[in-house]
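Chain residues, written in single-letter form:
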Protein chains: 2
Amino acid sequence: RTGSPKWLEKTMKLDGNDLWEAKLSFKNIGLYEFTIKAWIDVFKTWQNHLIKKREAGQSIDIMMKVGVKLIHDSIVHASDEQKKDLELWYNKLNGAKAEKVLDLAISEELCQLINSCIDHNKVTVYEKNMPLSIERKQALFCAWYELFPRSWSPEAGKHGTFKDCERLLPEIARMGFDIIYFPPIHPIGVDKRKGKNNAIICEASDPGSPWAVGNKQGGHKDIHPELGTLQDFKHFVKQAGEYGMEIALDIAFQCSPNHPYIKQHPDWFLWRPDGTIQYAENPPKKYEDIVPINFETKDWKGLYKELKSVFLYWIKQGVKVFRVDNPHTKPFHFWEVTFGDIKKKYPDVLFLAEAFTRPKIMYRLAKLGFTQSYTYFTWRNTPEEFVEYMEELTTEPVKSFFQPNFWPNTPDILPESLEHKGRSAFITRFILASTLSTSYGIYGPAFELLENEPFPGREEYLDNEKYEIKNWDWDKPDNIKDIISTVNRLRRENPALQDRNNISFIPSTNAEFLVSVKATDDLSNIIVTVVNFDPDHTQSGFITLDLESLGINDGEPYIMFDLLHDKKYTWTGAKNYVELGPEGAIAHIFRLHKKY
Amino acid sequence: RTGSPKWLEKTMKLDGNDLWEAKLSFKNIGLYEFTIKAWIDVFKTWQNHLIKKREAGQSIDIMMKVGVKLIHDSIVHASDEQKKDLELWYNKLNGAKAEKVLDLAISEELCQLINSCIDHNKVTVYEKNMPLSIERKQALFCAWYELFPRSWSPEAGKHGTFKDCERLLPEIARMGFDIIYFPPIHPIGVDKRKGKNNAIICEASDPGSPWAVGNKQGGHKDIHPELGTLQDFKHFVKQAGEYGMEIALDIAFQCSPNHPYIKQHPDWFLWRPDGTIQYAENPPKKYEDIVPINFETKDWKGLYKELKSVFLYWIKQGVKVFRVDNPHTKPFHFWEVTFGDIKKKYPDVLFLAEAFTRPKIMYRLAKLGFTQSYTYFTWRNTPEEFVEYMEELTTEPVKSFFQPNFWPNTPDILPESLEHKGRSAFITRFILASTLSTSYGIYGPAFELLENEPFPGREEYLDNEKYEIKNWDWDKPDNIKDIISTVNRLRRENPALQDRNNISFIPSTNAEFLVSVKATDDLSNIIVTVVNFDPDHTQSGFITLDLESLGINDGEPYIMFDLLHDKKYTWTGAKNYVELGPEGAIAHIFRLHKKY
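Throughout what follows, the structure given in this document is the object of discussion. Note that the structure is predicted; figures quoted are calculated from it, not measured.

So, how was this worked out
Residues numbered from 1 in each chain as written. Chains lettered and ligands numbered in written order. Predicted model: local features only at pLDDT ≥ 70, side-chain atom pairs only at ≥ 80, totals over all residues. Heavy atoms only, no water. Helix = DSSP H or I, 4+ residues; strand = E, 2+ residues; numbered from the N terminus. Buried < 20%, exposed > 50% of the residue type's maximum accessible area, 1.4 Å probe, protein only. Contact = heavy atoms within 4.5 Å. Lys, Arg positive; Asp, Glu negative; His and termini not counted. Salt bridge = Lys/Arg side-chain N within 4 Å of Asp/Glu carboxyl O. Polar contact = N/O pair within 3.5 Å; in protein donor to acceptor, adjacent residues only side chain to side chain. Least-squares fit on C-alpha atoms with pLDDT ≥ 70 in both. Pairing = 2+ DSSP bridges. Axes fitted to C-alpha atoms, helices over the stretch in contact; angles between N-to-C directions. Phe/Tyr/Trp six-rings, centres within 6.5 Å; stacked < 30°, edge-to-face > 60°. Arc of directions from axis to C-beta. Patch = residues over 30% accessible without salt bridge, like charges linked within 9 Å, V, L, I, M, F, W, Y side chains within 5 Å. Areas by Shrake-Rupley, 256 points an atom, 1.4 Å probe, with all protein chains shown as cover. Charge placed at Lys NZ, Arg CZ, Asp CG, Glu CD. Buried area = accessible area lost by both parts, 1.4 Å probe. Nonpolar A, V, L, I, M, F, W, Y, C, P; charged D, E, K, R; others polar.

**So, the overall build of chain A**
Part 1 of the argument: What chain A contains, in helices and strands, is 15 helices and 26 strands.
Part 2 of the argument: With respect to the three principal axes, the spread of C-alpha positions in chain A is 100 × 65 × 45 Å.
Part 3 of the argument: Going through the 596 residues of chain A one by one, you find that 52% of them count as buried.
Part 4 of the argument: For chain A, the share of sequence-separated contacts (at least 6 apart) that also reach a separation of at least 24 residues comes to 73%.

Right under this line is the structure:
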């Protein structure tokens, strides 16, 4: 454990081609370090040679003397207790007839004793201590539901509150989500506030984007008064807890032009030669309602401390999950230092990186301490693209440090795969996200209500909730809440869906099918998911299971439970027929059962 | 250059996906180091933003002031000369109308000036200096010919000499080889000497294995008297040089029981409890004629020094190429230290690792300083196996440190691919070795005379030359010396065959065909090699060239010169017919020529 002087040792086993393997399990979450020690196991080599000579009928008398000397020589580096044991062994073997003491000489116990008092000068230790983060289960397996609390007043047009949102809890819980994620809940900037559809000029009634953080009512540690009080927030967190759900807050380290930091710490920002503050821009695009923080400030230590205190403040209010906005536009060093400090004290805190950026940056952020990350899932559209992307995510080196979280939509993104698309397309994207990845999220209720109207020419929602208060009809016909509920139940009931790198893909004769197989190590739970990527037509074809890897003899019938539609098929042989389409089932989630 | 305080700088260019690239060329061979420096190019970013704003018709007045300030701020870290330049620029831009000085502001010259006086505190330097070895051309491109000099007396049964071998030089040169490699030329042990076919008891007339190094006449710095004197050896080296060929010596760091080291340095060897020396064994196998050196001796520094002096001794006699026997059974540390020292003084010395061992060990030896290595070529037998193996060798990371040397046979190995096989099989293996790899070697004349009789049950030659003196009939009918000569000439005439990682494989409709394409960067030399892996039957099929990558328009005819058989074909389109068989050509080496 990082910081502890006590190291635990575990013997590694050779796994072929000079790769050595050790399996470790941990009782407590937290930060650990590991390194590798290696030495030549002279005694084991001697034992192996002894056995081989014996088997070949060669004399072992001289070799036995060599071994006795090895025992004798290791006494020098032994502790008092080890010394006593070694002397016992020495006395048993020394001078004895080789044939008679052979079994003693080749015993594993003796070999371990000798290796436990190896000369430290002969041991090579890997030069680095490698970090290892042991996290709670939700780091691997969770379903997120994002909502704007201000849109949930029972009265249309009125600003919703945390109190209003408490009535949503039973339904979100019924849908089976683990984490409810709020966009920033802080006071919203007034100057340069954006209007509906990101308009430069806003109306007096426009609520502004929650990502324009801060005004005279407060900043990152304050709550937008119209949402309620800190007490209301804490009550909501507690109520959600009663349903087994956690709250995730959105931490966006940027300011509106009215954020208190600007007056308190003008040196944390960039000022232009005309005396005005430098707003965010990516020329020729301008984001006048946002002021970026200048992490290159001379007072970076003060800045780091304050920003860390934002996390600590909300942790104190009971929040253990954070979605971090645009982490790739802040220095790597900042995250490394900040998360290192926080995780030492709160190893159960999870951070989701909203890093839609280049792959190497996303992977670096994961190594610096982000528990999970947004991904390119949103822009993968064909079975081949998914096979390739999943291969990258679930093999070394990526699988060791990067935990994907798949989002079919976000308030920022209405992807092409959903634009103007119908129910089947939404179900397809949902099943892909929730079965390919152990962690996923949706921005609701836009998703389950099949919102599909883009802002013309952009991969964004028309009348985006970021800039206005909505009044959702959550029970709109055709909504897919029941399917979401079913799939989340299947995720909880089937351990194969709770493991990340146990996925493989099998061939199908229809190029519109993606067929994934997830199985537990002991094959007690096997899930086969078939998704039809053509939302408009019925597609059929044969899929070919690798029966041997699933422990099924060829010719032996087995049962495929269609868990989504509660049907049961008996299959025989590797190759079987599947038909999927918008009229019937657009996807199957099968549990494979051996018949006997 | 390693050891020099002077560093050269080269600007890297972004090559997509966060990979940066720089091309360096070196005038002198030797050991170098490189590292990477990185900083945020604030000024270039400013220039880019300025251009984009300008293009979007936005005001650039304030931005120009920001830039002027950047120029001003960089004066602090500038040298006197840079300061003068910066002040000139500052005066030109400061206060000027932004539109008028735009071209000056965005000039590359100004950007470079500012980056050349960047604040060193803002520069990140990669923590390691990475080693880089610049070698002479033969490190990449050479053809080896191994022979036992003792087998070349004109008188049958008599021990051959270096003098005798001088008469071979014209023919070896005609065949086109660059390096003549001798097995160990030192005095050979007497005790436990092996007889014919590795017999435990030898006859008085048996010459012994040259790898049992040393007797009372001397050790690793001495010459077996029956081969001649040091003067004879040096004369041979000189004569070979006249033909443009070099001599490679075999350095086998092991001793016969009669090696002078054993009496001089008993502490360099392991002694058994009965007072006898520990001979080499890999239980239950015993190699009583060989005594291994104990590198774990307390006098390892003395041992390292002496063994290094063996290389230095032969370097002084004019030898610059060494084939190192079983380097994987000696410590990595020894090679690292020894080669590091030698290369500092003699950067033109080449080392070939005879490491037939696990891949990671072979790669590690390459990183420690071995110029080239033996490979698994010898055991790759199908087109798929070759495609896979070549892919591994010619892509990162392997291509950056490992230089393969392909051997179809060695005195130790008569592989299955040649056992009892005929002329076609030998030609196939030769063309594969010499066209897939820039460096290759054969053990002759066993190879070109099609020796194919194995010791029963082993992948070894019957009546192995290691244990007896041969009397070769070099002009035996059916020998393939002419083909060898032709292929080596083609290798020298075609630059595409002299580059290592320019290889690609193209599809064929016949699974017995392996079709490789090698081309120079400028496409001025394109070689297409088609090999039929079925030595017994005529095979035909279509091969499909990637015309676009070769700069040929579809529909445009092009010429394929069959360089092996001096024929000429006009092809059109990507897909063309090829027929190969034991009766006609077993392989094609085409040079592709554009017609216009």
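Text resumes after the structure shown.
**Some remarks on the side chain of Glu556(A)**
Residues and elements named next belong to chain A.
Part 1 of the argument: Position of Glu556 among the secondary structure elements: in the loop between β22 (539-544) and β23 (558-562).
Part 2 of the argument: The charged side chain of Glu556 is buried without a salt bridge, its nearest counter-charge being Lys594 at 4.5 Å.
Part 3 of the argument: Among the polar contacts made by the side chain of Glu556, one reaches the side chain of Asn553 at a distance of 2.9 Å.
Part 4 of the argument: The residues touching Glu556, leaving out its near neighbours within four places in the chain, are Trp571, Thr572 and Lys594.

**Re the relation of the copies chain A and chain B**
Part 1 of the argument: Rotating chain A by 180° about the axis while translating it 0.0 Å along that axis superimposes it on chain B, leaving an RMSD of 0.1 Å. Both chain copies can therefore be described as sitting about a two-fold axis.
Part 2 of the argument: Same-surface contact between copies: 100% of interface residues of chain A are shared with the interface of chain B.

**Some words on the sheet that holds strand β15 (residues 350-354) of chain B**
All names here are of chain B.
Part 1 of the argument: Sheet architecture is open: 8 strands sit in the order β16-β15-β14-β9-β8-β7-β18-β17, paired in parallel fashion. This sheet does not close on itself; its edge strands, each paired only once, are β16 (372-373) and β17 (405-406).
Part 2 of the argument: Two strands pair when backbone bridges link them, and β17 and strand β18 (residues 439-443) are joined in this way by 2 bridges, in the parallel orientation. Across the sheet, the residue bridging to Phe406 is Tyr440, located in β18.

**Some thoughts on the sheet that holds β23(A)**
Residues and elements named next belong to chain A.
Part 1 of the argument: Pairing within the open sheet is antiparallel, and its 6 strands lie in the order β19-β20-β21-β26-β23-β24. Of all strands in the sheet, those with a lone pairing partner are β19 (503-505) and β24 (567-571), marking the two edges. The average undirected angle you get between the axes of adjacent strands in this sheet is 25°.
Part 2 of the argument: Taken together, the 7 bridges between strand β20 (residues 513-519) and strand β21 (residues 526-532) define a ladder with antiparallel strand orientation. Bridge pairing in β21 places Ser516 opposite Thr529.
Part 3 of the argument: Together, β19, β20, β21 and β26 (587-594) form the strand contacts of helix α14 (residues 423-436), whose direction differs from that of β21 by roughly 150°.

**Notes on the packing of aromatic side chains**
Residues and elements named next belong to chain B.
Part 1 of the argument: Applying the stated criterion to the full structure yields 98 aromatic pairs over all chains.
Part 2 of the argument: Ring centres of Phe542 and Tyr577 lie 5.6 Å apart, and the angle between their planes is 65°; this geometry places the pair in the edge-to-face category. Taken together, the residues Phe542 in strand β22 (residues 539-544) and Tyr577 in strand β25 (residues 575-580) connect sequence positions 35 residues apart.
Part 3 of the argument: For Phe542, a relative accessible area of 35% gives the class partly exposed.
Part 4 of the argument: Considering the side-chain rings of Trp571 and Phe590, the 5.5 Å spacing of their centres and the 65° angle between planes classify their relative orientation as edge-to-face. Residue Trp571 is located in strand β24 (residues 567-571), and its partner Phe590 is located in strand β26 (residues 587-594); the two are separated by 19 residues in the primary sequence.

**Concerning helix α4 (residues 98-105) of chain A**
Residue and element names in this part refer to chain A.
Part 1 of the argument: Of the residues making up α4, those classed as buried are Ala98, Val101, Leu102 and Ala105. Take α4 and look down its axis: the buried residues cluster within an arc of 150°, on one side only. Looking at α4, the residues exposed on the side facing more than 90 degrees away from the buried face are Lys100 and Asp103.
Part 2 of the argument: Looking at the packing, one finds that the buried side of α4 touches α1 (42-55), α2 (61-74), α3 (80-93) and α5 (108-116).

**Points about a negative patch on the surface**
Part 1 of the argument: A cluster of like negative charges, contributed by Glu384(A), Glu385(A), Glu388(A), Glu391(A) and Glu392(A), occupies part of the molecular surface.
Part 2 of the argument: Counting through the fold element by element, Glu391(A) comes out in helix α13 (residues 383-394).

**Looking at the environment of Asp562(A)**
Residue and element names in this part refer to chain A.
Part 1 of the argument: Along the chain, the position of Asp562 falls in strand β23.
Part 2 of the argument: For Asp562 and Leu592, which are 30 residues apart along the polypeptide, the C-alpha to C-alpha distance reads 9.0 Å.
Part 3 of the argument: Apart from the residues within four sequence positions on either side, Asp562 is in contact with Lys567, Tyr569, His588, Ile589 and Phe590.
Part 4 of the argument: Among the polar contacts listed, one links the side chain of Asp562 to the backbone nitrogen of Leu564, at a separation of 3.2 Å.

**A word on the environment of Asp566(A)**
All names here are of chain A.
Part 1 of the argument: Mapped onto the fold, Asp566 is located in the loop between β23 and β24.
Part 2 of the argument: Classification of Asp566 as exposed rests on a relative accessible area of 75%.
Part 3 of the argument: Sequence separation between Asp566 and Ile71 is 495 residues, and the spatial gap between their C-alpha atoms is 66 Å.

**Regarding the interface of chain A and chain B**
Part 1 of the argument: Taken together, the 27 residues of chain A in the interface contact 27 residues of chain B.
Part 2 of the argument: For the pair chain A and chain B, the summed buried area comes to about 2400 Å², and 57% of that belongs to carbon and sulfur atoms.
Part 3 of the argument: Looking at the side of chain A facing chain B, the largest losses of area belong to Asp18(A), Ile62(A) and Pro283(A), adding up to 22% of the total buried there.
Part 4 of the argument: Across the chain A-chain B interface, the total number found is 6 salt bridges.
Part 5 of the argument: Between Lys128(A) and Glu127(B) there is a salt bridge, and its shortest N-O distance comes to 3.9 Å.
Part 6 of the argument: Counting every contact that joins chain A to chain B gives 8 residue pairs in polar contact (both at pLDDT 80 or more).
Part 7 of the argument: Counting only elements with at least two residues in the side of chain A that touches chain B, the list comes to α1, α2 and α12 (359-368) of chain A.
Part 8 of the argument: The class makeup of the residues in the side of chain A that touches chain B is 10 nonpolar, 3 polar and 14 charged.

**Some words on the pattern of salt bridges**
Part 1 of the argument: If you walk through the whole model with that rule in mind, you get 53 salt bridges over all chains.
Part 2 of the argument: For the salt bridge of Lys481(A) with Asp475(A), the shortest nitrogen-to-oxygen distance reads 3.2 Å.
Part 3 of the argument: Among the residues examined, Lys481(A) registers a relative accessible area of 2% and is labelled buried.
Part 4 of the argument: Of the charged contacts, one joins Asp325(B) and Arg323(B) as a salt bridge, the two residues approaching to 2.8 Å between their closest N and O atoms.
Part 5 of the argument: One connected set of salt bridges, linked through shared partners, spans Glu171(A), Arg174(A), Asp475(A), Lys481(A) and Asp482(A).

**Concerning the environment of Lys305(B)**
Residues and elements named next belong to chain B.
Part 1 of the argument: Within the secondary structure, Lys305 is located in helix α10 (residues 300-316).
Part 2 of the argument: A relative accessible area of 62% means that Lys305 is categorised as exposed.
Part 3 of the argument: Separated by 297 residues in sequence, Lys305 and Leu8 have C-alpha atoms that sit 34 Å apart.

**Quick look at unusual backbone geometry**
Part 1 of the argument: In this chain, Glu396(A) is followed by Pro397(A) through a cis amide linkage whose omega measures 0°.
Part 2 of the argument: Here the amide bond leading from Gly444(B) into Pro445(B) is cis, since omega sits at -5°, within 30 degrees of zero.
Part 3 of the argument: With respect to the helices, strands and loops of the structure, Pro445(B) is situated in the loop between β18 and α15 (481-493).
Part 4 of the argument: Even without glycine at this site, Asp463(A) takes up a positive phi of about 50°.
Part 5 of the argument: Examined against the element boundaries, Asp463(A) turns out to sit in the loop between β18 (439-443) and α15 (481-493).
Part 6 of the argument: Judged by its relative accessible area of 30%, Asp463(A) falls in the partly exposed class.
Part 7 of the argument: The phi angle at Leu450(B) is positive, at roughly 65°, despite the residue not being glycine.
Part 8 of the argument: With respect to the secondary-structure elements, Leu450(B) resides in the loop between β18 and α15.

**Thoughts on a nonpolar patch on the surface**
Part 1 of the argument: Nonpolar side chains collect at one region of the surface, where Phe34(A), Ile36(A), Tyr126(A) and Met130(A) lie side by side and expose about 330 Å² of accessible area between them.
Part 2 of the argument: With respect to the helices and strands, Phe34(A) occurs in strand β3 (residues 30-34).

By themselves, these observations are geometric and do not establish any function.
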